[in-house]
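Examination of the molecular architecture
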Amino acid sequence: MSWYNKRLAKSIWVFHVSASPCNNCDIEILDLLTPKYDVERFGIKLVGSVRHADAILLSGIINDKVSPKVARIYQQAPKPVYVIGFGTCPATGCCFKQTHNKDYEQGHPIPIDLYIPGCPPKPEAMIAGVAKLMEVLNA
Amino acid sequence: MIAEYLFFILIFPGLLFTAVLGLIVGWVDRKVSARFQFRVGPPFFQNFNDFFKLLGKETIIVKDSIHYMFITAPLIAFGMLVIVSVMVGTALFYNQGFGGDIIVIMYLLMVYSVMVIFGGASSGNVYSSIGAGREIKLLLGDELVFILITLVPIIQSGYQLQLTEILQFQFMNGAVIASLSGFIAFVLGLIAIQAKMTLPPFHIPEAETELVEGPLMEYSGGLLAFWKLNHFMMYVVFPLLLILLFLGGFHLQGLGILWAVLKYLLIVVLIIIIKNTNPRVRIDSALNFFWKYATPLAFVAVILAVLGV
């Protein structure tokens, strides 16, 4: 399996799910894909269909309305798939912690493997986060 | 005899050669595209990593799909490309026929497009179906141009359909591209190939922004790996076919090897430049272009070839 994990670490295709975000992180993700940061160096590619994805970038608080859809998207992804909680919202709730449409004590509908906190995290922080995922896969 | 044929099919001009060279040329494509956008681009083994990663992932068979069609479409398409590369490769590298002429090649390349349509239409997804429909429309546009431009070398070589005979004619009388009709046909061939490979500006069926890869949308794991491999193998099959028809084939001795590599890279780089400098056209403007401008020009090339210009 380690040989396969090394291949997987070198080509992580990312699918972006925006689950009720404030759009701040989504704009920052677009920054990540600009030529300046060039994530294709690491084999990271943004794909349009979740069937092609190895990692799901999840931004937003995942409120009660979208959580069934997020769970369904997770079921549609071919395994192994890693979920990256993007921004402070999936991690702690940020300023939406006491919102009426999400109960943080119940937790998220899908397991989140990796959090990249920040409101929004800088593109460098995102690359560092995905590099941590690669480290785990390469170990 | 059988061992030789198996070697042709499985190793040298066939499966292994086309797949490995295709993945390498796919890297050239991605790297040059990255340099066009002032990026660094992926590392050398990126496409190999992608391919093996996809092979190892879970392959989801969609519940609403027509299963046998959904599964066999990428594999049949892969087989078609291998057979075409064997036919073109044996003529180019060994100067011997493999029991198929240019009409068989045109049929097999059309079967590839039909397999894309089957794969997209059988997957039970609306976007895939729209992508398959667009592939049909694109096929209606580019197929006639492609057939007409292959007529030019056939006519110039005295109505020879065998690949080796066309090559023999070009060894004796110079490459087809040196004549006016040959040049027009070569340029139109490059554009028709762009449409056949569904590269920009004709990536209408796989439009990433609105159809999310179109026919390939529901594919995952091993089957998607084969679609990606097919896509890269076309970077080998189509340029070799153009070299055979228009650029006079290869002389694999001494400096000839350098010329062979240069001819191949010339076509690949032209394809990449066209790909990177053009936005996607709408389906109606693509058909408009092929039916109003490209097809009459291809007819002109055929008439010029008959007149011997």
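What counts as what
- Residues numbered from 1 in each chain as written.
- Chains lettered and ligands numbered in written order.
- Predicted model: local features only at pLDDT ≥ 70, side-chain atom pairs only at ≥ 80, totals over all residues.
- Helix = DSSP H or I, 4+ residues; strand = E, 2+ residues; numbered from the N terminus.
- Rg over C-alpha atoms; globule rule 2.2 N^0.38 Å.
- Buried ≥ 20, exposed ≤ 12 C-beta atoms within 10 Å, placed from the backbone.
- Contact = placed C-beta atoms within 7 Å.
- Nonpolar A, V, L, I, M, F, W, Y, C, P; charged D, E, K, R; others polar.
- Pairing = 2+ DSSP bridges.
- Axes fitted to C-alpha atoms, helices over the stretch in contact; angles between N-to-C directions.
- Parallel < 35°, antiparallel > 145°, perpendicular 65-115°, else oblique.
- Left-handed = near helix turned anticlockwise from the far one by under 90°.
- Core = buried A, V, L, I, M, F, W, Y, C linked by C-beta atoms within 7 Å.
- pLDDT = per-residue confidence, 0-100.

1. A word on the overall build of chain B
Within chain B, the secondary structure is distributed over 12 helices and zero strands. Going from the N terminus to the C terminus, chain B shows its helices and strands as α-α-α-α-α-α-α-α-α-α-α-α. Taking 19 Å as the expected radius of gyration for a compact globule of 309 residues, we find that chain B reaches 19 Å, a close match to that expectation. Projecting the C-alpha coordinates of chain B onto the three principal axes gives extents of approximately 55 × 45 × 40 Å. Expressed as a percentage of the 309 residues in chain B, the buried residues total 50%. The contacts of chain B with a sequence gap of at least 6 include a subset with a gap of at least 24, amounting to 79%.

2. Let's talk about the environment of Y293(B)
Of note, Y293(B) is situated in helix α12 (residues 283-307). The sequence separation of Y293(B) and L199(B) amounts to 94 residues, and the corresponding C-alpha distance is 20 Å.

3. Quick word on the interface of chain A and chain B
Across the boundary between the two partners, chain A contributes 16 residues, which contact 26 residues of chain B. Each residue belonging to the side of chain A that touches chain B can be placed in one class, and the counts come to four nonpolar, five polar and seven charged.

4. Section: the pairing of strand β3 (residues 55-59) of chain A
In the case of a regular strand, side chains alternate between the two sheet surfaces. Residues and elements named next belong to chain A. In terms of burial, β3 is largely enclosed, as five of its five residues are buried. Alternating positions in β3 separate into two faces, A55, L57 and S59 on one and I56 and L58 on the other, with burial throughout. Examined bridge by bridge, strand β1 (residues 13-18) and β3 share five bridges and lie parallel to one another. When the sheet's bridge partners are listed, H16 is paired in β3 with L57. The sheet contact formed by β3 and strand β4 (residues 82-86) spans five bridges and is parallel. Looking across to β4, one finds that L57 is bridged to I84.

5. Digging into the packing of helix α6 (residues 126-156) of chain B against helix α8 (residues 180-196) of chain B
Residue and element names in this part refer to chain B. Where α6 meets α8, the axes come as close as 9 Å, and the angle between the chain directions of the two elements is 150 degrees. In terms of axis orientation, α6 runs roughly antiparallel to α8. Crossing geometry of α6 relative to α8 is assigned as left-handed. For the pair α6 and α8, the contacting residues are L138, G141, D142, V145, F146, I149, V152 and Q156 in the first and S181, G182, A185, L188, G189, A192, A195 and K196 in the second. Residues belonging to the contact of α6 with α8 are distributed by class as follows: nine nonpolar, five polar and two charged.

6. Things to note about the nonpolar core
Core analysis: the biggest nonpolar cluster contains 97 residues, and L81(B), V88(B), I149(B), L188(B), V237(B), L244(B) and A301(B) have the highest contact counts within it. Top element by residues in this core is helix α10 (residues 221-246) of chain B. It accounts for 20 residues. For V237(B), the residues in contact, after removing those within four places along its chain, are T18(B), L81(B), V84(B), S85(B) and V88(B). Of all hydrophobic cores here, the second largest spans 33 residues; its members include I12(A), W13(A), I61(A) and I110(A).

7. Looking at the sheet that holds β1(A)
All names here are of chain A. Taken in spatial order, the five strands line up as β2-β1-β3-β4-β5 in an open sheet, and their pairing is parallel. Strands with a single pairing partner mark the edges of an open sheet, and in this sheet they are β2 (45-46) and β5 (114-116). Two strands pair when backbone bridges link them, and β4 and β5 are joined in this way by three bridges, in the parallel orientation. Paired with F86 across the strands is I116, a residue of β5.

8. Brief notes about the confidence of the model for chain B
Of all residues in chain B, 100% attain a pLDDT of 70 or more, and the chain-wide mean is 87. For this predicted complex, the interface confidence score (ipTM) comes to 0.87, while the overall pTM stands at 0.89.

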